[in-house]
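# Summary of structural features
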Amino acid sequence: MPEKVLKSTCSYCGVGCGLLITKDAKNRIQVDGDPDHPVNRGMLCSKGRNLHYVVNDTSDRLLYPQMRWSRSHPLERVDWDTALDRAAQVFKSIIEKHGPDSVGFYVSGQCLTEEYYIANKLVKGFLGTNNIDTNSRLCMSSAVVGYKKTFGEDSVPISYADIELADCFLITGANPAYCHPILYRRLEQHKEKNPDVRVIAVDPRLTDTAAAADLHLQLIPGTDIILYNAIGRRLLQLGLIDKDFINNHTEGFNQYKEQVNKLSLREASKLCGVPMADIKKAADWIGISKGFISMWAMGLNQSVVGTNKNFALLNLSLITGQVGKPGCGPFSLTGQPNAMGGREVGGMANLLAVHKDLTNPEHRSEVAQFWGVESISPKPGYTATQMFEELETGKLKAIWIICTNPAVSLPDVNRVEKALKNARFVVVQDISNRSDTLAYADLVLPAAGWLEKEGTMTNSERRITYLPKAVNAPGEARPDVEIICDFAQKMGFRGFNFYNTEEIYQEYCTMTRGTSIDISYLNYDRLKTEGSFQWPVNEYRHPGTPRLFEDRKFYTPSQKAVFNIPATVTNRSIKPSAAFPFILTTGRVRDQWHTMTKTGKVSRLRTHYPKPVLEIHPADAFALNIREGNLCEVSSENGNVRVTARLTDSIRKGVVFLPMHWGKKLNSSLNRTNNLTQNMVDPQSKEPDFKFTAVKVARYQKK
Ligand code: SF4
């Protein structure tokens, strides 16, 4: 007989599907889609459906703290007090000798909001440095800058419910059929009921999303800005723009007009590799649409010009006036379950909590006052890739890594490994022994996982959900908030003696009062009894806010949305050359998640894409004498991988694709895709470029 049914949220992607958790007498859980949840209405994708395996199988779990006294010693089991005393002693001594900027925290979009909040309070308020960044830097920091500069704050204006009200979609740099499957299913259902709905997909690969679209613009990687500007130019030529919105609610339109008119459609078509007729068709569909939604993810964001790509795309919503109305708006899809929650609490090296600005002295002083500290450092902290660069140079001495696996997921991982070896002290706080990063830890702290602790998360549409504790964590694993608060107290800091997680949430809610993300009227009781809410929730019994900017007032000083003009329309990644003639683009496969520390445990999720393969166009393969299934060597300036070839005409000639999930623990290091990628970032968002690496490919010959 089932013991109890609890409501929770899927711990994988940013769609945020609602779940029913059934627990039996043996503490084993079963997972079903919640038919009453507004996001998924009972549906689940393959990853969500198999979540119970991840929780029920504890064979890979870290069960107790482990520590090494020096690099030449092996890790040995210690108790929690010894582990956190040592952490506090090392952090204190490093900060005393080298200053607060010599330590850093690298956290994750899978952390719950309370965890994110308390880690930020510790680092920015009490350690005295802004060196806290998140693996969400790798997914959506370009979108954060795009929203901030366009709307005045990092605010996603729309909801999933707007999908069912729209009639034209531009899906670009995203494959939601694989990576946001339930969101995509809602779009499919909408289209099944309304055959006139048009979907345009922009992708150098014929993904499942692109294959099902009405129009696929198979552009040359890196030419996105030229393409969106060409669509903008055509809209201007035809007069398919919203003059009233442009005149009354935006600024910068003339500069925009000037930029898009610089290239003719013919020139743009040539540069993008997209037929002119298709650019015109896309523009015409967008221009006559009553509800236009753009959706994007890492294909846009993970680029050295990721922010500019965001600007160019957002500008299409501005010229058509497709913001702040039902069924329209620019919709950045978050990859991780709580990437949005992290943004709310300021979980990045250049942000402050509740959308306050680190560069603004008043904002810094407000946050300092709230936390009862003297000041917040004005100096932006090291971002994700910078942290590892500075570990290599020795400026950063200690790093605390929570719930992420940089030894697989960061670009140029060989360099990341060197940096971790060079660090004076590495703390890894995680749930699983599957993380490759553990190999470099001086201190391993076992954390409680999903369903083993309570807290909240925010999905892609600003929807906050409460996640209950359903089962006990195995061994001595503890919730992340407890670990962080205990460490803070051992450091001698006040303000961390919370009675429970709810008190941390309440403190954060109080901080949001009067801001654009005000949830001061949303407590745990409401979340538990009434379900999820979209912020802001800023009045008593407020029902939440599905759509922003309905009054056409934006968060900029002028209350107008801003046309940001890309500083360059051309890509700045290292171009292919005679030595490295192909463009490598990396991405996800349908049934795997990140570095597979969770999905890799589930045998049925391995059947769809059992091992990494190199996708290459048959014409390119033929020229290299490579046949289907041949072992190939792919090399860049940074390293090599050996991987079997899959010949497919779904990819452009001159472009190859590798999935990003596999690390050393799952395969040999020779299959680790990020051996190849460049440590290059967008100058504004500091997001790395995973979508454009110059490589060469050869059939592997044993030497
Ligand atoms: Fe989980 Fe995302 Fe799948 Fe929904 S779509 S079940 S949130 S992985």
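The protein chain is annotated in an unreviewed UniProt entry as Molybdopterin-dependent oxidoreductase from Leeuwenhoekiella parthenopeia. Listed in UniProt under the heading Sequence similarities (unreviewed entry), the comment for the protein chain reads: "Belongs to the prokaryotic molybdopterin-containing oxidoreductase family. NasA/NapA/NarB subfamily."

Along the backbone of the protein chain there are 24 helices and 26 strands. In summary, the protein chain has a C-alpha radius of gyration of 24 Å against a globular reference of 27 Å for 703 residues, a match within 12%. Projecting the C-alpha coordinates of the protein chain onto the three principal axes gives extents of approximately 70 × 70 × 60 Å. Long-range pairs, those at least 24 residues apart, make up 73% of the contacts in the protein chain with a sequence separation of at least 6.

Right, let's talk about the pairing of strand β21 (residues 582–587) for a bit. Of all six residues that make up β21, six are buried, and the element is covered over most of its length. Every second residue of β21 is oriented toward a common face, with F582, L584 and T586 on one face and I583, T585 and G587 on the other, all of them buried. Of the strand pairs in this sheet, β21 and strand β26 (residues 693–699) are connected by three bridges, and their pairing is antiparallel. What sits directly across from I583, in β26, is A694. In this sheet, strand β25 (residues 655–659) lies alongside β21 in parallel orientation, the contact comprising five bridges. Bridge assignment links T585 to a residue of β25, and that residue is F657.

Before going further, it helps to spend a moment on the site of the ligand. Near the ligand there are 14 residues, and of these C10, C13, C17, C45 and G48 occur at the shortest range. Partitioning the shell around the ligand into residue classes produces nine nonpolar, four polar and one charged. Shared between two domains, the shell around the ligand holds at least three residues of each, these being domain 1 (4–56) and domain 3 (139–335).

With that settled, consider the environment of P557. Its place among the elements puts P557 in the loop between β19 (533–534) and β20 (561–562). P557 sits in the exposed class, given 7 other C-beta atoms within 10 Å.

Glancing now at the sheet that holds strand β13 (residues 329–332). Pairing within the open sheet is parallel, and its five strands lie in the order β10-β9-β8-β12-β13. Strands at the two margins of the open sheet, each flanked by one partner only, are β10 (215–217) and β13. Averaged over all pairs of adjacent strands, the angle between strand axes in this sheet comes to 15 degrees, irrespective of strand direction. In this sheet, β13 lies alongside strand β12 (residues 292–296) in parallel orientation, the contact comprising four bridges. Across the sheet, the residue bridging to I293 is G329, located in β13. Packed on one face of the sheet, helix α13 (residues 276–288) meets β8 (168–172), β9 (198–202), β10 and β12 and runs near 125 degrees to β10.

You can read the domains of the protein chain as domain 1 (4–56), domain 2 (66–135 + 344–498), domain 3 (139–335) and domain 4 (582–699). On a C-alpha basis, the centres of domain 2 and domain 4 stand 30 Å from each other. Contact with domain 2, which involves 16 residues of that partner, is made by 19 residues of domain 4. Put simply, the parts of the chain that give the side of domain 2 that touches domain 4 at least two residues each are α19 (406–409) and α20 (413–422). Taken together, the residues of the side of domain 2 that touches domain 4 sort by class into five nonpolar, seven polar and four charged.

The next point concerns the confidence of the model for the protein chain. With 99% of its residues at a pLDDT of 70 or more, the protein chain shows a mean pLDDT of 95. In the predicted complex, the global pTM is 0.96; the interface-specific ipTM is 1.00.

Okay, the sheet that holds strand β7 (residues 132–134) next. Strand order across the open sheet formed by seven strands is β5-β4-β16-β15-β14-β6-β7, with mixed pairing between neighbours. In this open sheet, the two strands that pair with only one neighbour each are β5 (76–77) and β7.

To continue, consider unusual backbone geometry. In this structure, P536 follows W535 across a cis peptide bond, with omega equal to 0 degrees. Note that P536 resides in the loop between β19 and β20. In the Ramachandran plot, Q559 falls in the positive-phi region, its phi being about 65 degrees despite a non-glycine side chain. Structurally, Q559 is set in the loop between β19 and β20.

Next up on the list: the environment of A698. Topologically, A698 is positioned in strand β26. The exposure class assigned to A698 is exposed, which follows from the 12 C-beta atoms found within 10 Å. On a C-alpha basis, the gap between A698 and I626 in space is 7.7 Å, while along the polypeptide they are 72 residues apart.

What follows concerns the packing of helix α4 (residues 113–127) against helix α21 (residues 480–490). Angle between the axes and distance between the axes are the two parameters that describe a pair of packed helices. The interhelical angle for the contact between α4 and α21, taken along N-to-C directions, is 20 degrees, at an axis separation of 9 Å. Comparing the axis directions of α4 and α21 gives the class roughly parallel. In terms of crossing hand, the pair formed by α4 and α21 is left-handed. Contact residues: α4 offers E114, E115, I118, A119, L122 and F126, while α21 offers D480, V481, I484, C485 and A488.

Turning our eyes to something else, we now look at the pairing of strand β24 (residues 640–647). As paired strands, strand β22 (residues 613–616) and β24 are joined by four bridges and run parallel to one another. When the sheet's bridge partners are listed, I616 is paired in β24 with L647.

This next bit is on the nonpolar core. Counting residues in hydrophobic clusters, the biggest one holds 191 residues, and the most contacted among them are A119, F169, I200, L227, I231, I286 and I399. With eight residues, the top contributor of residues to this core is helix α5 (residues 137–151). Setting aside its immediate chain neighbours within four residues, F169 contacts L187, V199, I200, I293 and M295. Counting residues in each nonpolar core, the second largest holds 24 residues, with V613, A621, F657 and V697 among its members.

Orientation of helix α9 (residues 224–238) relative to helix α12 (residues 265–272), taken along the N-to-C sense of each, is 155 degrees, at an axis distance of 9 Å. Taken together, the axis directions place α9 and α12 in an arrangement best described as roughly antiparallel. The hand of the α9/α12 crossing is left-handed. Facing I226, L227, A230, R233 and R234 of α9, the residues of α12 in contact are L265, A268, L271 and C272. Taken together, the residues of the contact of α9 with α12 sort by class into seven nonpolar, no polar and two charged.

Rules behind the numbers
- Residues numbered from 1 in each chain as written.
- Predicted model: local features only at pLDDT ≥ 70, side-chain atom pairs only at ≥ 80, totals over all residues.
- UniProt positions renumbered as here; feature names shortened; annotations may be inferred.
- Helix = DSSP H or I, 4+ residues; strand = E, 2+ residues; numbered from the N terminus.
- Rg over C-alpha atoms; globule rule 2.2 N^0.38 Å.
- Contact = placed C-beta atoms within 7 Å.
- Buried ≥ 20, exposed ≤ 12 C-beta atoms within 10 Å, placed from the backbone.
- Pairing = 2+ DSSP bridges.
- Near = placed C-beta within 6 Å.
- Nonpolar A, V, L, I, M, F, W, Y, C, P; charged D, E, K, R; others polar.
- Domains from an automatic or database assignment.
- Axes fitted to C-alpha atoms, helices over the stretch in contact; angles between N-to-C directions.
- pLDDT = per-residue confidence, 0-100.
- Parallel < 35°, antiparallel > 145°, perpendicular 65-115°, else oblique.
- Left-handed = near helix turned anticlockwise from the far one by under 90°.
- Core = buried A, V, L, I, M, F, W, Y, C linked by C-beta atoms within 7 Å.

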